[in-house]
Amino acid sequence: MRHADRTVGAGSGSVSGVGGIGGSGGHTGGWRDSAGRYALLPLRIFLGVTFIYAGIDKLTDSAFLADRGTGSVGELMRQIRDSSAVPWLVDQALKDPSSFGYAIAFGELAVGLGTLMGLLGRLAAFGGALISLSLWLTVSWQTDPYYYGNDLAYLMAWLPLVLAGTPYLSLDVAISKRRRRQGAQLFS
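Read on for an overview of the structure. Keep in mind that what you see is a predicted model, and the values were worked out from it rather than measured.

What counts as what
- Residues numbered from 1 in each chain as written.
- Predicted model: local features only at pLDDT ≥ 70, side-chain atom pairs only at ≥ 80, totals over all residues.
- Heavy atoms only, no water.
- Phe/Tyr/Trp six-rings, centres within 6.5 Å; stacked < 30°, edge-to-face > 60°.
- Helix = DSSP H or I, 4+ residues; strand = E, 2+ residues; numbered from the N terminus.
- Buried < 20%, exposed > 50% of the residue type's maximum accessible area, 1.4 Å probe, protein only.
- Lys NZ or Arg CZ within 6 Å of the ring centre and 35° of its normal.
- Expected span 1.5 Å × (residues − 1).

Turning our attention to the packing of aromatic side chains. In the structure shown here, the tally under the stated rule is eight aromatic pairs. Arranged with centres 5.1 Å apart and planes meeting at 85°, the rings of F51 and W158 form a pair that is edge-to-face. In this pair, F51 is assigned in helix 2 (residues 41-59) and W158 in helix 7 (residues 150-164), connecting sequence segments 107 residues apart. On the basis of relative accessible area, F51 is assigned to the buried category, the value being 6%. For W158, a relative accessible area of 0% corresponds to the buried category. Between Y102 and F106, the ring centres sit 6.3 Å apart and the planes meet at 20°, which makes this aromatic pair stacked. Here F106 and Y102 lie together in helix 5 (residues 97-117), a separation of four residues that amounts to about one turn. One aromatic cluster is present, built from ring pairs that chain together F46, F51, Y154 and W158. The ring centre of F64 lies 5.8 Å from the NZ or CZ of K58, which sits over that ring.

This is the structure we're talking about:
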């Protein structure tokens, strides 16, 4: 492309190519294009780090992982059982509260790592959405007003990543590019 084609007034009268403004004619690379491409990255970093932290916090808290006692997952489940939207789910957790606590902690850790590294990004985000949904329907269901409960906000935050995946700065992209290169070499 010649320099004149990228300046104001070139071609169809667009402002394409000047400081990244415009973007018509297929020109990409402006700051708006970059901002659009990476718009979900801050959300991905926040959710990934938060879920890693939550998982580690649970795994290192012996009181939480206990079946009974102050601060235990078992005690929490017994407290919220009757106010939960899905008491049958709480009943399942109460069958073995310690194992349920470990499952939640390892689930949060896996979701956080997958989201942060961009490995199986949509699946990790779907897992995060399921964890947030289950926590909203159980632990924070009776929060009044509803917007004080953070689990619903986390559920909504996961949905864009479920839809978009982790298309930038991710292992998913690196693996996909490597497979395409290997596939192209097979047919060359």
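Attention now goes to helix 7. Side chains that are three or four residues apart share a direction in an α-helix, a result of its 3.6 residues per turn. Taking 1.5 Å of rise per residue, the 15 residues of helix 7 would be expected to cover 21 Å, and the 22 Å separating its terminal C-alpha atoms lies within 8% of that figure. Taken together, the buried positions of helix 7 are occupied by D151, L152, Y154, L155, A157, W158 and L161. Immediately downstream of helix 7, the backbone of G165 shows phi near 75°, a positive value.

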